[in-house]
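Understanding the architecture of this molecule
Chain residues, written in single-letter form:
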Amino acid sequence: MRTQGPQLQSLSPEPRPIRRAGRATPYLFLAPYLVLFGVFVVLPALYGLWISLHDWDFLLPRKPWVGLRNYQNLFSPESRDFSDFWQSMRATGLFTLFSVPFLVTVPLLVALLLNREFPGRTFFRAVYFAPYVLGVAVVGVLWRFLLDPHIGLINQSLSATIPWTTDVPWAWISLVGMTVWWTLGFNAIIYLAGLQDIPRELYDAAKVDGATRWQRFLHVTVPGLKPVLLLVLTMTLLGSANMFGQSYLVTRGAPANETRTAIMFIADTGLRTFRMGSAAAMSYVLALTLLVISAFNFRLLRQEDT
Amino acid sequence: MRATTRPLARLPFYVLLLLLTWVFVAPLLWMLSTSLKTNADATRLPPSWIPRPFTTEAYVPLLSLGSETPVLRWFLNSILTATANALLVVGTSILAAYALARLEFPGRRVLFGLIVGTLFIPTFVFLIPNFLIVNSLGWLDSLWALIVPGAGSAFGVFFMRQFFTSLPRELEEAALIEGANQWQIFYRVILPLSRPGIATLTVLSFLINYNDFIWPVYVLFSPGSFTLPPGLSILQGAYTTNYPVIMAGGVLASIPAIILFVLAQRHVIEGVSRSGLKG
């Protein structure tokens, strides 16, 4: 492991390269991680593709090769999974469509509020972030109770009997609302970091030029925040497309699988009914969809720049 | 324009802040309050914030290990798994990140690119194949399934590499001249300077693992081997009409996360904003 003695090198008049290590040293440092990374990240990413090309039933000994048939099935209306899969994709799409606008704008308003100098700022920052450290399991059972049509706090305070968890559009409002409550702090903190990176001089200069508060927001804050905005938008889109726990615990997919998301359907197909070939194919179709949307996003926001 | 001098002008601002605070805190207080009620009291109308009487009876069925829903056992399983996973993540990623940040070797850039690239693969892609890999390792329905696979995550390496890269080169130069080898430099020079980063990564890894839901729901089957997240979903099924018990489960599950957050609040929030921005 240890090769040339360092003493010898320090005697030599030639300037040394910054780092001289034994040839094996870097790999020894990397080895423990690379074993985990190889077995649980690289291998499954490729293995999943292999599975998706087979009729892979976990419980049966034979897993025949079917080529692209699992993928074709997802696009042919007469196949078993077609309508369920696309309904779940629709649910994920709707959730994303409803939640992303709130998850991108509301945290920005909160971050602007917290960006002012005032006593207790750190305290409020922590309070708004707090729900995020709780897992979706806690958040889910808690909101299931708050949204209970009969004894839930929400209907009680509204003196209403709204079916928050069993009917649309209420179920969507519930899922979006609890998600905003749960994750608002996360996006707000990222915005806040972005706001603090905008140089103060830009605001001062704008003020000298007589810009109003709104003009300063539009011409200093928004352009300065653009990379952060793109980051938040991308992460939120990915997060929304991954939605699982809220539907699983609060609406249980109700009414009639209307709020059963793609991940829920994929997990059920692969890990409950053990039709893993189809499930793997579905997960790649969803991943590809996300990739296309993200790429589209990047292009769109970059073009606006010029 | 400048309202700072007149306290009255700041009033709407503070009202808004406190209103928001209530929105975030009220559900959590309601969970705590309900967990200290009798079932009759929890369903009484109109609802009251103060339990009448205060009782801890909802916690009793949760804490007995013999019951169908041994929340205490799930709690211990969760703490054990999240701790073991966090140690594994931190241990392997500080070593790897050190090599990637401070050592020259062929393939360094490609390897780092590959690792970071995997951050962009959505996690659900790994669900089915990792289930099969864990099965062939004989880890289904065991806590190993929760401890080991998640430790291969690229996030830890990425995060620590950012941290190590920011340390000045001169430090290790000096150590090198004094005859230290790579391991000594790593252990005596780099690690002590990186304590804040390591602490942040430890807390974040613990919380991520502690809160993970979908994976434990599908790889653990028997209630004895559950952790809290799948456990809470079972608890909800078993006590559908008894909300004090379910809320007591929620309170117990929240305690470690809240304590950790309060202790490391500044680091966690900074860790989130830092890791987010440099992504």
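Predicted, not measured: the structure shown is a model, and the values here were computed from it.

**Some details on the overall build of chain B**
Within chain B one finds 14 helices and 0 strands. Since a compact globule built from 279 residues should have a radius of gyration of about 19 Å, the 24 Å found for chain B marks it as more spread out than a globular shape. Each of the three principal axes of chain B carries a C-alpha extent, and together these read 75 × 65 × 35 Å. Put simply, chain B has 279 residues, and 56% of those count as buried. Within chain B, contacts between residues at least 6 apart in sequence are counted, and of these 70% link residues at least 24 apart. In the structure as shown, chain B presents an accessible area of about 12400 Å², 68% of it carried by carbon and sulfur atoms. Chain B carries 17 positive and 11 negative side-chain charges, and their two centres are separated by 11 Å.

**Some remarks on the interface of chain A and chain B**
Listed as interface residues are 97 residues of chain A and, on the opposing side, 102 residues of chain B. Inspection of the region where chain A meets chain B yields 0 salt bridges. There are 13 residue pairs in polar contact (both at pLDDT 80 or more) connecting chain A and chain B. No other element matches helix H2 (residues 25-52) of chain A, which puts 19 residues into the side of chain A that touches chain B.

**Comments concerning the confidence of the model for chain A**
All names here are of chain A. For chain A, per-residue confidence averages 90 on the pLDDT scale, and residues scoring 70 or more make up 92% of the total. Averaged over each element, pLDDT in chain A is lowest for helix H1 (residues 6-11) (41) and highest for helix H6 (residues 136-146) (97). Here residues 1-18 is a poorly scored stretch, pLDDT under 50, and it has 20 contacts once near neighbours within four places are set aside; other chains count.

**Looking at the side chain of Ser240(A)**
Inspection of the secondary structure assignment puts Ser240(A) in helix H10 (residues 213-241). Those residues in contact with Ser240(A) that lie beyond four places of it in its chain are Thr92(A), Phe95(A), Thr96(A), Ser99(A), Val100(A) and Leu103(A).

**So, the nonpolar core**
With 157 residues, the main nonpolar core has Tyr128(A), Phe129(A) and Met276(A) as its most contacted residues. The dominant element in this core, judged by the number of residues it contributes, is helix H8 (residues 170-196) of chain A, at 15 residues. Setting aside its immediate chain neighbours within four residues, Met276(A) contacts Ile51(A), Trp56(A), Phe58(A), Gly270(A), Leu271(A), Ile128(B), Phe131(B) and Leu132(B). If you look at the next biggest cluster of nonpolar residues, it comprises 40 residues, including Phe29(A), Phe105(B), Leu111(B) and Ile198(B).

**Here's the deal with the packing of aromatic side chains**
Evaluation of the coordinates by the stated rule reveals 44 aromatic pairs over all chains. When the ring of Phe118(A) is compared with that of Phe13(B), the centres are 5.0 Å apart and the planes differ by 85°; the resulting orientation is edge-to-face. Within this pair, whereas Phe118(A) is found in the loop between helix H4 (82-114) and helix H5 (121-133), its partner Phe13(B) is found in helix H1 (residues 11-35), the two belonging to separate chains. Phe13(B) shares its class with Phe118(A); the two are buried. Through a chain of ring-to-ring contacts, the aromatic side chains of Phe118(A), Phe123(A), Phe124(A), Tyr128(A), Phe13(B), Tyr14(B) and Phe24(B) assemble into a single cluster. Sitting over the face of the ring of Phe112(B), Arg161(B) holds its NZ or CZ atom 4.0 Å from the ring centroid.

**Some details on the environment of Asn155(A)**
Residues and elements named next belong to chain A. By secondary structure assignment, the location of Asn155 is in helix H7 (residues 153-158). Given the relative accessible area of 2%, Asn155 is considered buried. The spatial distance from the C-alpha of Asn155 to the C-alpha of Val250 is 16 Å, given a sequence separation of 95 residues. In terms of polar contacts, Asn155 uses its side chain to reach the backbone carbonyl oxygen of Pro149, at 3.0 Å.

**Notes on unusual backbone geometry**
That bond from Val168(A) to Pro169(A) is cis: its omega, 5°, falls within 30 degrees of zero. Mapped onto the elements, Pro169(A) comes out in the loop between H7 and H8. Cis geometry is adopted by the peptide bond preceding Pro46(B), which originates at Leu45(B) and carries an omega value of -10°. Topologically, Pro46(B) is positioned in the loop between helix H2 (39-42) and helix H3 (60-63). Notably, Ser159(A) is not glycine yet its phi reads approximately 40°, a positive angle. We note that Ala256(A) has phi near 45°; this positive angle belongs to a residue other than glycine.

**Regarding the environment of Arg125(A)**
Tracing the sequence through the fold places Arg125(A) in helix H5. Sequence-wise, Arg125(A) and Leu114(A) are 11 residues apart; in three dimensions their C-alpha atoms are separated by 7.0 Å. Not counting residues within four places of it along the chain, the set of residues in contact with Arg125(A) comprises Leu114(A), Ile189(A), Leu192(A), Gln265(B) and Ile269(B).

**Quick word on a positive patch on the surface**
A contiguous patch of positive charge on the surface is contributed by Arg116(A), Arg200(A), Lys207(A) and Arg213(A). Mapping Arg213(A) onto the fold places it in helix H10.

**Topic: the packing of helix H4 (residues 71-102) of chain B against helix H10 (residues 182-193) of chain B**
Each packed pair of helices is defined by two parameters, the angle between the axes and the distance between the axes. Residues and elements named next belong to chain B. Between H4 and H10, whose axes approach to 12 Å, the crossing angle comes to 100°. The angle between the axes of H4 and H10 places the two elements in the roughly perpendicular class. Seen from H4, the contacting residues are Ile94, Leu95, Tyr98 and Arg102; seen from H10, they are Gln182, Trp183, Ile185, Phe186, Ile190 and Leu191.

**Describing the pattern of salt bridges**
Using the criterion set out here, one finds 8 salt bridges over all chains in the structure. With its nearest N and O atoms 3.4 Å apart, the salt bridge here joins Glu258(A) to Arg90(A). Of this pair, Glu258(A) sits in the loop between helix H11 (245-251) and helix H12 (262-271) while Arg90(A) sits in helix H4; the two residues are 168 residues apart in sequence, bridging distant segments of the chain. In this structure Arg90(A) comes out as partly exposed when scored by relative accessible area, which is 44%. Taken together, the salt bridges that share partners define one network made up of Arg102(B), Arg169(B) and Glu172(B).

Parameters and conventions
Residues numbered from 1 in each chain as written. Chains lettered and ligands numbered in written order. Predicted model: local features only at pLDDT ≥ 70, side-chain atom pairs only at ≥ 80, totals over all residues. Heavy atoms only, no water. Helix = DSSP H or I, 4+ residues; strand = E, 2+ residues; numbered from the N terminus. Rg over C-alpha atoms; globule rule 2.2 N^0.38 Å. Buried < 20%, exposed > 50% of the residue type's maximum accessible area, 1.4 Å probe, protein only. Contact = heavy atoms within 4.5 Å. Areas by Shrake-Rupley, 256 points an atom, 1.4 Å probe, with all protein chains shown as cover. Lys, Arg positive; Asp, Glu negative; His and termini not counted. Charge placed at Lys NZ, Arg CZ, Asp CG, Glu CD. Salt bridge = Lys/Arg side-chain N within 4 Å of Asp/Glu carboxyl O. Polar contact = N/O pair within 3.5 Å; in protein donor to acceptor, adjacent residues only side chain to side chain. pLDDT = per-residue confidence, 0-100. Core = buried A, V, L, I, M, F, W, Y, C linked by side-chain atoms within 4.5 Å. Phe/Tyr/Trp six-rings, centres within 6.5 Å; stacked < 30°, edge-to-face > 60°. Lys NZ or Arg CZ within 6 Å of the ring centre and 35° of its normal. Patch = residues over 30% accessible without salt bridge, like charges linked within 9 Å, V, L, I, M, F, W, Y side chains within 5 Å. Axes fitted to C-alpha atoms, helices over the stretch in contact; angles between N-to-C directions. Parallel < 35°, antiparallel > 145°, perpendicular 65-115°, else oblique.

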